[in-house]
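Structure at a glance
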Amino acid sequence: MNYLEFLHRMLGVASASGLPYAQIGQIAVELILKLKAHTGMTTEQLMEQAGITIDENTKWLTEDLVRLEEEIIKIDPPIE
Amino acid sequence: MLKTRFTAIVIFALILLSATSCTDDRLRKAAKADADIAAGINAAIKLKRELAKEKKISVEEELSITKALFVLNAASAQFHNEVENHKEWNENTRAALIRSFANVTAALNDLIEKGVIVKDDESRLKIQAALSLIRASTVIIEGILK
């Protein structure tokens, strides 16, 4: 089993376990940030490529969470 | 004789129809109020984006409100699914909806607390006004679930 399959299965467990939305949202945002850095794609393009169809509110909030995390990283970059 | 039987059937059908529409009404009203919550969340997202663009709220304040809105939106969507999954109103339906709706109420209370800590007075009032519209829809649902 590779790590992608591991991740896929773990997210399934997280969803079924009733992990709080705030924490699931945080995982989604971190994944999007890593994929954006790696691919150079926008949040919208990534969601489109993944074939994610979500309601407008979830889409906007996810985009906002990613944008705000990026702004915070710019203001206060993590110590390497 | 035939006429009497026909009248009895019509009366029975009307009673049945009335009972069914009453049951459906509660689920319909709950779905409508939940759609209003989603519309309220949409308005709140637009508002906080506007306030952030005008630099009236800080990045940290917007992030805190966004996280709370995200949780509320997810809870509201789950409640919506719960309403959709039930076709008739009975005690089991009511219990399931009460359980699911508790997440919506908790998330809204958390959001109201986050909105309260916004420093700028004008922005805080605008946010509170947007949240009170959402609160009004939750009161409708609470009434239905009683």
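Since the structure is predicted, the reported quantities are computational estimates derived from the model, not experimental observations.

1. Observations regarding the interface of chain B and chain A
- Taken together, the 19 residues of chain B in the interface contact 20 residues of chain A.
- Interface of chain B and chain A: buried area, both sides summed, is about 1800 Å²; carbon and sulfur atoms make up 65% of it.
- Taken as a group, R49(B), V59(B) and F70(B) account for 32% of the area that chain B buries against chain A, more than any other trio of residues on that side.
- Across the contact surface, chain B and chain A share four salt bridges.
- In this structure, K48(B) and D64(A) form a salt bridge, with 2.5 Å as the shortest nitrogen-oxygen distance.
- Of all the secondary-structure elements, those providing two or more residues to the side of chain B that touches chain A are α1 (2-53) and α2 (59-85) of chain B.
- Ranked by the residues each element gives to the side of chain B that touches chain A, the list is headed by α2(B), at 12 residues.
- Tallied by class, the residues present in the side of chain B that touches chain A amount to 10 nonpolar, four polar and five charged.

2. Focus: the nonpolar core
- Grouped together as the largest cluster of nonpolar side chains are 45 residues, with contacts concentrated most on L69(B), L72(B), F79(B) and L111(B).
- Secondary structure elements with two or more residues in this core: α2 (21-39) and α4 (56-75) of chain A together with α1, α2, α3 (91-116) and α4 (121-145) of chain B.
- Apart from the residues lying within four places of it in its own chain, the contact partners of L72(B) are I41(B), V104(B), A107(B), L108(B), L111(B) and I134(B).

3. Some points on the packing of aromatic side chains
- A full pass over the atoms with the stated rule returns two aromatic pairs over all chains.
- On the basis of an interplanar angle of 85° and a centroid distance of 5.5 Å, the ring pair of Y3(A) and F6(A) is categorised as edge-to-face. Taken together, the residues span about one helical turn, with Y3(A) and F6(A) both in helix α1 (residues 3-16) at a distance of three residues.
- Its relative accessible area of 68% is what places Y3(A) among the exposed residues.
- The exposure class assigned to F6(A) is partly exposed, which follows from its relative accessible area of 36%.
- Each ring, one from F79(B) and one from F101(B), has its centre 5.1 Å from the other, and the planes form 55°; the classification is tilted. With F79(B) in helix α2 and F101(B) in helix α3, this residue pair connects regions lying 22 residues apart in the sequence. Neither F79(B) nor F101(B) differs from the other in exposure class; each is buried.

4. Concerning a nonpolar patch on the surface
Residues and elements named next belong to chain A.
- A surface patch of nonpolar side chains, amounting to about 1100 Å² of accessible area, comprises M1, Y3, L4, F6, L7, M10, L11, V13, I27, L31 and L35.
- Secondary-structure elements contributing two or more residues to the nonpolar patch are α1 and α2.
- Sorting elements by how many residues they give to the nonpolar patch places α1 first, with seven residues.
- Residue placement: L4 occurs in helix α1.
- Of the residues examined, L4 reaches a relative accessible area of 67% and is grouped as exposed.

Criteria and thresholds
- Residues numbered from 1 in each chain as written.
- Chains lettered and ligands numbered in written order.
- Predicted model: local features only at pLDDT ≥ 70, side-chain atom pairs only at ≥ 80, totals over all residues.
- Heavy atoms only, no water.
- Contact = heavy atoms within 4.5 Å.
- Buried area = accessible area lost by both parts, 1.4 Å probe.
- Salt bridge = Lys/Arg side-chain N within 4 Å of Asp/Glu carboxyl O.
- Helix = DSSP H or I, 4+ residues; strand = E, 2+ residues; numbered from the N terminus.
- Nonpolar A, V, L, I, M, F, W, Y, C, P; charged D, E, K, R; others polar.
- Core = buried A, V, L, I, M, F, W, Y, C linked by side-chain atoms within 4.5 Å.
- Buried < 20%, exposed > 50% of the residue type's maximum accessible area, 1.4 Å probe, protein only.
- Phe/Tyr/Trp six-rings, centres within 6.5 Å; stacked < 30°, edge-to-face > 60°.
- Patch = residues over 30% accessible without salt bridge, like charges linked within 9 Å, V, L, I, M, F, W, Y side chains within 5 Å.
- Areas by Shrake-Rupley, 256 points an atom, 1.4 Å probe, with all protein chains shown as cover.

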